[in-house]
Amino acid sequence: MNETMVCAVGNVATQPVYRDLAAGASARFRLAVTSRYWDREKSAWTDGHTNFFTVWANRQLAQNAMASLNVGDPVIVQGRLKVRTESREGQQGWTSADIDAVAIGHDIARGTSAFRRQGRAESAAAGPPPQPEPDWATPVAAAADAKSDDARRREPAGVT
């Protein structure tokens, strides 16, 4: 199945609305995406047209969005684009664009964010213990010895 995946960068325009449904948690909010361009005549950045998307999040993403997002937050949303055209009260041409979110995150190019990992559910805790993360750091003493050995090999003979 071909789906249109999009990545939208914008601001949260409405407070997320949360619903606990039989199929699982669901949350939605409006995302405002404004294009910006350099106006040569004014020698300044200018705001262009603003597009609004309804972002839908499900299950754990919905719960995390509710706990993390507020109106005005700069976010990046990745998901499936769904565009619908409907007629209301005899008027045709009403179009809406929804994003069925796969991932939502704060845009840290425009500010800072503190990540907090969610605790695992009780059923997931019964699984195998988590593996320790590898120690990627190179010991300082070993790195210094390796550097000095390398430096000694490159020096001309008789130089101390």
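Located above this text is the structure these notes cover.
Residues numbered from 1 in each chain as written. Predicted model: local features only at pLDDT ≥ 70, side-chain atom pairs only at ≥ 80, totals over all residues. Heavy atoms only, no water.

Considerations on the environment of Ala-62
Line of reasoning, step 1. Here Ala-62 is to be found in helix H1 (residues 59-68).
Line of reasoning, step 2. Spatially, the C-alpha atoms of Ala-62 and Gly-24 are 9.3 Å apart, while their sequence positions differ by 38 residues.
Line of reasoning, step 3. When near neighbours in sequence (up to four residues on either side) are disregarded, Ala-62 contacts Tyr-18, Ala-25, Ser-26, Ala-27 and Ala-57. (Helix = DSSP H or I, 4+ residues; strand = E, 2+ residues; numbered from the N terminus. Contact = heavy atoms within 4.5 Å.)

Brief notes about H1
Line of reasoning, step 1. Of all the residues in H1, the buried ones are Leu-61, Ala-62 and Ala-65. Seen along its axis, H1 keeps its buried residues to an arc of 100 degrees; they face one direction. Among the exposed residues of H1, those oriented more than 90 degrees off its buried face are Arg-59 and Ala-67.
Line of reasoning, step 2. The elements touched by buried residues of H1 are strand S2 (17-21), strand S3 (24-39), strand S4 (44-58) and strand S6 (91-106). (Buried < 20%, exposed > 50% of the residue type's maximum accessible area, 1.4 Å probe, protein only. Arc of directions from axis to C-beta.)

Considering the pairing of S3
Line of reasoning, step 1. Two strands pair when backbone bridges link them, and strand S1 (residues 5-12) and S3 are joined in this way by two bridges, in the antiparallel orientation. Counterpart to Val-12 in the pairing with S3 is Leu-31.
Line of reasoning, step 2. Note: S2 against S3, five bridges, orientation antiparallel. Directly across from Val-17, in S3, lies its bridge partner Arg-28.
Line of reasoning, step 3. The loop that links S2 with its antiparallel partner S3 comprises two residues.
Line of reasoning, step 4. Between S3 and S4, which pair antiparallel one after the other, the connecting turn spans four residues, and Ser-43 there sits at a positive phi close to 55 degrees. (Pairing = 2+ DSSP bridges.)

Looking at the side chain of Thr-46
Line of reasoning, step 1. Inspection of the secondary structure assignment puts Thr-46 in strand S4.
Line of reasoning, step 2. Residue Thr-46 is classed as buried on the basis of its relative accessible area of 16%.
Line of reasoning, step 3. Beyond its immediate stretch of four places on either side in the chain, Thr-46 contacts Ser-35, Arg-36, Tyr-37 and Asp-39.

Some remarks on the pattern of salt bridges
Line of reasoning, step 1. Taken as a whole and judged by the stated rule, the model has six salt bridges.
Line of reasoning, step 2. Residue Arg-84 is joined to Glu-86 by a salt bridge in which the shortest nitrogen-to-oxygen separation is 2.7 Å.
Line of reasoning, step 3. Under the relative-accessibility criterion, Arg-84 is labelled partly exposed at 36%.
Line of reasoning, step 4. Between Asp-107 and Arg-110 there is a salt bridge, with its nearest N and O atoms 3.1 Å apart.
Line of reasoning, step 5. Through salt bridges with shared partners, a single network forms among Glu-3, Arg-80 and Asp-100. (Salt bridge = Lys/Arg side-chain N within 4 Å of Asp/Glu carboxyl O.)

Worth remembering: the numbers are spatial, not functional.
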